[in-house]
Structure formats: C-alpha cells, structure tokens
Amino acid sequence: MVTRRRFIQGMAALTVMGSQIGALPAFAAKAAGKKTALAEGVSRHVDVFVGTGGHGHTYPGATMPFGMVQLSPDTYSAQWDGSSGYHQGDGSIMGFSHTHLSGTGASDMLDVLVVPAIGEVLLQPGDREYDGVNYHSRFDGVRPGKNEPKGYKTGVKGYRSRYTQEEAHPGYYRVQLTDSKVLAELTATERAGFHRYTFQEADAHLLVDFAHGFHDDPKIPTRVTDAKLQLIGNDTLVGSRVVHQWANGRHIYFALKVSRPFRKASLYSNDKALTDGSTQADGTNLKAALFFDKANSAPLLVKVGISGVDVEGALRNLSKEIPDWDFDGVRAHAEASWEQELSRIHIDTRSDDIKRTFYSALYHTMLAPTLFSDTDGRYRGMDMQVHQLPAGRHNYSTYSLWDTYRAEHPLMTLFQPERVPDLVDGLVRMAAESPAGPPVWPLQGIETVCMIGYHSAVVIAEAQAKGFKGIDYAKAWPIYRKRAMEDDYLGLADYRKRGYIPSDLHNEAVSKTLEYAYDDWVMASMADAAGAHDDAELLRKRSRNYRNVFDKTQNFVRPRGSDGKWLEPFDPRAMGHSKKWRDFTESNAWQATFLNQHDLYAYMTLFGGEKAFEAKLDQLFTTDSTLPADAPPDIAGMVGQYAFGNEPAHHMPYLYAYSGSHYKTQARVRMLMETMYLPAPDGLPGNEDCGQMSAWYVMSALGLYAVDPVSTNYVFGSPILDRAEVQLAGGKRLVVETKGNGKGRPYIQSVTWNGKPWTRSWITHSELAAGGTLVFVMGDKPNVSFGSALTDRPPAFGLPADAKVDVTA
C-alpha cells in the first residue's frame, strides 16, 4: 500500500527570478522577459500548476492540445506521487523529458531527459533530497504559505508555482536553475519539443540521460532493453529504446538537434565513457554529453522529435514541425492553439477563482488522449507492427478508460465533436490489432490491462448512439461480442456461468460483477445497432446481474462465495472479507453499492423502494468517514463514505434525480464544486486521471452530467457559472445561463429551454447538439417539486421513469 503523504522539502529562500534575470547578459535578459502575444483571451485564466501538489499527479510543462510530446521538468522519477515526474513538494529538478502522463495512479514515460549543466559531467541524478554532487539542480525561492492562491497570479506571463523562479502557461514553461546557472524555457509542437537555454557561465554541456524513466521502486532503475544512441555530425543525436515499465515493451525513438555545433560529444554505457571518437552506443544504460564553447554568448536552442515507429519518423516529425530555429514562433503557435481550443467554451462568472478553476480544468481535459502517429500517418499498433493510416486520420494513445468514459468522453462529444471519430475509431483499430482484444488502458501500443471491465465499449457505444460517423462500428461488434460472450477474461467465464464472480475465486470480484453488468448494458446497445437483437436481449437481462451480489438483508452489495453463500466477516467499510485480496476495486461496499448507472428504477426495488434507496444514499454522504488502515490512497475526497476523489463515485450525487429529490443533487454537486476544487497546486481531490477529474468539474459547472453515457442523456446538477457559450458541431451554439446565482444559491427554481418552460431534470444530447439556450433560475431554498414528478425524472434501462418496472426480466 502506498501511504498518503506530501513531498515537502525544506529549503532556504534564495534570490528571486527577477534579480537572477537582471544578472544575465543583455540579450538574455531581453529574451527572458519578452512577452509573446498572449491575447486577452481565456488562456490567461489557466493555471497549469493545478494538481501538481497533493495527489493530483499533473505536470506543468509545455504541450499541445492532445499532443504526443509533453516537454516538462522532472523532479523525481519514482513512487506514487511522482507519477507525472513532477511534484510541487520537491525542490530540485533533474532535467526536462519529453513524455509525461497527466494525473495517473500508475505510471511510465519520462523519455529522453535533457539536462543543461555546467562544470564537470555528473551522470547520476541522485534523489529528491538535493545533495550537490549529482545532476539535480535547485530552483529555489519557496513562496510563503502552503498552496496559497493569493499572489499566485503573475499576469499575462502565466502562473508561477510556489517557487519564485518557475512559471508557465499553456504551451510554455520556464525556470531558473540555480545550481546549473541556466534559464530554461520550453515549448512544443504536436510531435516535437523545443528548448531554449540561456547559460550564465561559458563552460556548459547538455547531458542526455537515455536510461532515465519512471520506475516504481527508487532502488530499482527503469528496465530498458535494446537501447541505441548515435551521433550524426556535430549537431544531431538520435536514439531508440524499448521500455519495460507499466506499458511493458513500448518502443520510443527520438532525434535531437542543437542550434550550433557542439565542440565534442561523449557517449556512455553503464556510466563509463566510450573511447574518444565513438559515434554509436548500444546497451541498456546509455547517456550522452554534448559540450559547447562560450555557452553564455547566446541562447542554445535544442529541438527534439519523437516517434513510436523509428528514428526516421522522429527526424521527419522534427523537420516537418520545427523546420527552423524560431523558438518564439513555435511558442506563439502553441499559445494560439491552446487559445483556440480553450475558446470553444466562453464563460462569464463574477468569481475569479471559479474562472481559473474552470479553464484550468478545461485545459487538463485536453492533455489526453495523446497523439501517437507520425506526420506521414504511420503508427505502431497494439500488435507492435507499423501501420499506415488513411490520409487525414490520426492515431491516439493514453486512454484511461475506466475513468474517462464517465465525463471526459461525453464532454468531447459536445465541445470536440470533430475529434471524436479519430478518438473512437482508434479504439476499434486497437481492438482489432491487439492480442489482448478490446482496449482497457492502452499506452503507446501496449495494453497495460490496468483496471477492470472493458469500458472502451462504453466510448464506442456512446458515439454510436449519438450518431457519430467515421467509426467502423461493424468492425467493432464481433470483437466486442467475443469479449462479452466467449472470452475467459478476468472472471468473465464465472460471471456468465453463475451470474456473478465468486470472491473466493477472484480478486475484486464484487466490483468486477457490477462493472461487467454495466458493460453488458452497453453491449446490448451495440448489439441492437448491429441488428443482433437476440444478443441484445440476452445482454440486457445479464446487465441485471448486479442483483446477484446485493444482500437485501443488509442493503449493500457484498462478496459472495462459489457456493452461493455470503462471505463473512462483512464490514461495509472494509476492502474485503479476507486479507488474501480485495473484493472491491479502489472502493468498499458503501461506494460499490451505488455503482449502478443504467437500471436505477429496478435497482431501487432491491432496497424496498425509492424512499429506502434515497435514505441509503443520504447515509453514504453522512456516515462516519473512517476508513480501514489497508484502504488504498485512491479512496480520497471523503464526504461520509462517499469518495469523490475516485472516479466510480462521480455519478452518485446525481442519483437523487432518479428518486425524485433532485434538489439534493443540486446541493451535493454545488458543495463538491466549491470544496473539492481550488485554483492551486493542491487543488484536486485525487488523481486527475487523464482529464476525468477535471471533466467532472467542467460538465458540472455547466449544470450537466451523463450518469449513463450510452443513454445519451444529461442529468441537471447545479450550474455554477453566470453564463457559458459552447461551440458545437456545424457552427451551432449551446448557451447556458443562470439567473439569481451565487454563493449559497445552489437550488434550481425553474428552467427554460429556448424560451419555453422545462420541468424535466434532464435533457438529451440531440437536443443540446442542435443548439439553443438553457436558462436556470437559481435560489437559496430548494424547489422540491422540480424534477419530482415521475414524468420529469431521467429515463433508465431505456425506459421512462413512469414505466412499469419488470424486476423479473
């Protein structure tokens, strides 16, 4: 178990960035202080440091929307809170690598670390406790106070971290490295990173640590095989390696060019220098040092292209995307790209904190999935073979599907509709190419098999139900049908045989049963669309297998044995019935009892009716928050036993809409937005998880949430904005307005849609996608009648709330 902790490192306050810049040569001071054309647009509200503290696991570096390159500083490369390579509690920087994950709980990446340095070549990074004898460099100047938003903003340059010598905004990052005496600036294109180093001393070099990467155990380095480094002339270094971390066996290739020739270069294998004149190194632990004369005479520019295909692809990506040495031009393009994407949603609010939280969240929703195909359309598939895309198409990676199917992908269908075909058809290609079948958590051509269920089915079925074209649904159906009907995959055989997964035979069996039940519901939608109506009927019936792990005497889901009996002892706060393994996935019985997303009205009958269900839901939020000692740190953001910091709980506040007490949804959702999110490094309630944590905020701030994405319906919440305008497909606009909104006024009094009264507590995707104006009148007291009538409650199981529930079906 990973303990909950923060990395806080005591440091002496040193000289602030402004005085450091003042000591630079004139040309360097001018370049460092230059303000690019960051228009008075929405990008200025983004704080890229949100989530870099606490357990958010985000990174602050330069990238493009959905870009393949994430060029960012690495402060540490091991352990849980180092998952992104960066944590605000660390006080030194190892260097700058080109691939990072945003907000994950498991990790990998940190490829091609570039370390600007002075003096002798130091080959070891050391640990986060700066010792002065390794290549870590401090970046000092800790701000007073912990996670204090006040004084955090620095104007159009962007936001500074808690360190005075570090600042960033979308598409650009800079930091003054104190020990290395260099100002580092970073920007990026989609497939290439661009560095600008302004050294304050003449004797300088670049170390390229190609053994660097994320590793779980600080004492065991990243496992690398088949690594190669090659010098080409006096300005180019290329390389390739295979990494055996979370994505075991992924391939990465790079090409690095510098703006002026290096005086000499040294290659190292296992930290031993190769003979002078060596231009190639092969092995597992490879590094290179590039030396420059008069390094402080002018900024040194470094550009690095990456590829998952080959070195030639990396070189081609680099030459296509950064053909010259115009750092400021590339930076301006990155900034303009972010402004364009962020401007797809314009908001008005009287609260600066809400505005910063919203746009910081929207920014984080566009850090994954990530591009994973070259400029010529080639990509490495899940079969490890190189494939060619049709013209105009793109391949993506980094799908945290157990998380992102809930809000991230529904959000994409609204404000990124033209990107949906590539994002979803890529999942179909993966399913066809992968020896593992339907993707679960794919990363750069490798199936990590992380988390349970096979929720890529949800993303495909949602796109299909919403009418998106350019996706090979016919190709998807037989592959996903095989998973549902035939595959012996992580308990599915027992699930089909018994109607549940026995907890004495399989780990996390209760959660698996519940999530396979939802996947069955999703697969029924795909089956109907494929014309396989008998399969659809069978799958719909099977989607009610949740009943087989529900104990009516306890009103909880709980572990059941292979003999059909309930397993003892049972404690709803516990992770399981024994020490052998957990019966729940990052949850306990309290949280798992409310996982149902698709069949709420039948589910309520198991509790004894909607009132009993609602009373139990109330208890979820109000019971004691104590967790057992063996609870994983992912169970976070506690409100009672409700764990908002982990994604399976995200739909639960919206379930009151189904019991007719929508005003409770309004109160809970508003409370979560106001207390769980802050525009500060420790401003997230848990892991960001590739955009899902932020997507929940964006959707909820708009007053919408997809409890069951495949239904294509959105349940209303409590919109926190005064006004929002969302760009939709075909030039249409969705406007969401509130009247009488503000602190202490979370309750919906009435709603109109395109000027007409609207009494339902939900709305369809097709209605929103057609464009229109949704107006909420808010107040400080609940209107208990809003959404209470059966005809105004959200549908479930494909049926309206007033339909007769056939619990025997």
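Residues numbered from 1 in each chain as written. Predicted model: local features only at pLDDT ≥ 70, side-chain atom pairs only at ≥ 80, totals over all residues. Heavy atoms only, no water.

**Notes on the pattern of salt bridges**
Following the criterion strictly, the structure yields 47 salt bridges and no others. Of the charged contacts in the structure, one is a salt bridge between Asp111 and Arg241, with a shortest N-O distance of 2.6 Å. Residue Asp111 is located in the loop between β4 (95-97) and β5 (113-118), and its partner Arg241 is located in strand β14 (residues 236-244); the two are separated by 130 residues in the primary sequence. Like Asp111, the residue Arg241 is buried in the burial classification. In the salt-bridge network here, residues are joined through shared partners; they are Asp108, Asp111, Arg241 and Arg250. (Salt bridge = Lys/Arg side-chain N within 4 Å of Asp/Glu carboxyl O. Helix = DSSP H or I, 4+ residues; strand = E, 2+ residues; numbered from the N terminus. Buried < 20%, exposed > 50% of the residue type's maximum accessible area, 1.4 Å probe, protein only.)

**Side note on the sheet that holds strand β38 (residues 762-764)**
Strand order in the open sheet formed by three strands is β32-β33-β38, with antiparallel pairing between adjacent strands. Looking at the sheet topology across the chains shown, the edges are occupied by β32 (704-705) and β38. Here three bridges tie strand β33 (residues 713-716) to β38, and the two strands are oriented antiparallel to one another. Each residue of the ladder has a partner; that of Val715, found in β38, is Trp762. (Pairing = 2+ DSSP bridges.)

**Thoughts on the pairing of strand β8 (residues 166-169)**
Across the two faces of β8 the burial is the same, with Glu166 and Ala168 and Glu167 and His169 all buried. The sheet contact formed by β8 and strand β9 (residues 172-177) spans four bridges and is antiparallel. Residue His169 lies in a different strand from β9, and its bridge partner there is Tyr172. Two successive antiparallel strands, β8 and β9, enclose a turn made up of two residues, where Gly171 displays a positive phi of approximately 90°.

**Remarks on the packing of aromatic side chains**
The full count for this structure, using the stated rule, is 34 aromatic pairs. Residues Phe716 and Phe776 carry aromatic rings whose centres are separated by 5.1 Å and whose planes lie at 80° to one another, so their mutual orientation is edge-to-face. Of this pair, Phe716 sits in strand β33 while Phe776 sits in strand β39 (residues 772-779); the two residues are 60 residues apart in sequence, bridging distant segments of the chain. For Phe716, a relative accessible area of 0% translates into the label buried. These aromatic residues form a ring-pair network of at least three members: Phe621, Tyr642, Phe644, Tyr656, Tyr677, Trp696 and Tyr697. Taking the ring centre of Tyr379 as reference, the NZ or CZ of Arg429 above it sits at 5.4 Å. (Phe/Tyr/Trp six-rings, centres within 6.5 Å; stacked < 30°, edge-to-face > 60°. Lys NZ or Arg CZ within 6 Å of the ring centre and 35° of its normal.)

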